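# Structural overview
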Amino acid sequence: MGQIIKATEVRVGNYLEFDGEVYVCTKYEHHAPGKGQAVCRLKFKHLKSGRVLDKTVKSGEGIERAVLEPRQAQFLYRDDELHFMDINSFEQFSLPPESFLGKDKWLKENMELTLRFHNGEPVDVDMPTHLIFEVAETNPGYKGDTVTGATKPATLENGAVIQVPLFVNAGDKIKIDTEAGTYLGRG
């Protein structure tokens, strides 16, 4: 059971629990009308399904904060599932790719990251905001390909495909923004 906090103490990024399920707060608005009681308009995202939940609650109403246990893990490999090893206990476990809500496309073998567990089950991952990848395949760039904003698709070493500037070639190391899925520069 998590700690009960007031609706006014909720912040974007907080993990909260509703009916035994874990959600992350994605939007918080405090609304104080001229008459009547102040309310908080909250938007939450379910960590496993991605389902969005909108709630309007009174300012003083209690909401349960989810207790998540962080564990350091190493990504081992991918088949039908994603396979990890707990860095401290060396215990291996598998997760379905759907549980990562699209973040799994940035996983690289032997990558270390923090998984967040709720009641012994992994519910979220702290993915680094920037990662370096090698370009495995793309059309060759040509001298003078400097048209502003022009891009081409590139396949990265882990199989992810993103848009890159025309001058990027296979074998180049590039920096990726994992939240937006965009090219940031050369690595």
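For the structure itself, look to the data block above.
Just so we're clear, the structure is a prediction, and the values are computed from it rather than from any experiment.

## Remarks on the sheet that holds strand β9 (residues 92-95)
Pairing is antiparallel across the open sheet formed by 5 strands, whose spatial order is β9-β8-β7-β10-β11. Looking at the sheet topology across the chains shown, the edges are occupied by β9 and β11 (121-126). Each strand of the sheet is rotated relative to its neighbour by a mean of 45°, with strand direction disregarded. Relative to strand β8 (residues 82-86), strand β7 (residues 69-78) runs antiparallel, the two being bridged by 5 bridges. Its bridge partner lying in β8, Q74 is registered against M85.

## Here's the deal with the pairing of strand β12 (residues 130-138)
Where β12 lies against strand β15 (residues 173-177), 5 bridges are found, and the strand directions are antiparallel. When the sheet's bridge partners are listed, F133 is paired in β15 with I174. As paired strands, β12 and strand β13 (residues 151-156) are joined by 3 bridges and run antiparallel to one another. Residue pairing in the sheet places V135 in a bridge with L156 of β13.

## Regarding the side chain of D177
Within the element layout of this structure, D177 appears in strand β15. Only 2.9 Å separates the side chain of D177 from the backbone nitrogen of E179, close enough to count as a polar contact. Not counting residues within four places of it along the chain, the set of residues in contact with D177 comprises T129, H130, T182 and L184.

## So, the sheet that holds strand β16 (residues 182-186)
The pairing of strands in a sheet happens through backbone hydrogen bonds and is either parallel or antiparallel. Reading across the sheet, the 5 strands line up as β14-β13-β12-β15-β16 and stay open at both edges, with antiparallel pairing between neighbours. Two strands in the sheet have a free side with no partner beyond their single neighbour: β14 (161-165) and β16. Between one strand axis and the next, the sheet turns by 55° as a mean value, whatever way the strands run. Pairing between β13 and β14: 5 bridges, direction antiparallel. Among the inter-strand pairings, K152 is bridged to a residue of β14, identified as V164.

## What to know about unusual backbone geometry
Working note: non-glycine residues mostly have negative phi, and peptide bonds are mostly trans. One non-glycine residue, F90, lies in positive phi territory at about 65°. In this structure, N119 takes a positive phi of about 55° despite not being glycine. Mapped onto the elements, N119 comes out in the loop between β10 (112-118) and β11. Given a relative accessible area of 68%, N119 falls into the exposed group.

## A word on the environment of I87
Among the secondary structure elements, I87 is positioned in the loop between β8 and β9. Residues I87 and A73, 14 residues apart in the sequence, show an inter-C-alpha distance of 5.1 Å. Residues contacting I87, with those up to four places away along its chain left out, are Q72, A73, Q74 and E112.

What counts as what
- Residues numbered from 1 in each chain as written.
- Predicted model: local features only at pLDDT ≥ 70, side-chain atom pairs only at ≥ 80, totals over all residues.
- Heavy atoms only, no water.
- Pairing = 2+ DSSP bridges.
- Helix = DSSP H or I, 4+ residues; strand = E, 2+ residues; numbered from the N terminus.
- Axes fitted to C-alpha atoms, helices over the stretch in contact; angles between N-to-C directions.
- Polar contact = N/O pair within 3.5 Å; in protein donor to acceptor, adjacent residues only side chain to side chain.
- Contact = heavy atoms within 4.5 Å.
- Buried < 20%, exposed > 50% of the residue type's maximum accessible area, 1.4 Å probe, protein only.

Don't take any of this as a statement about function, it's just geometry.
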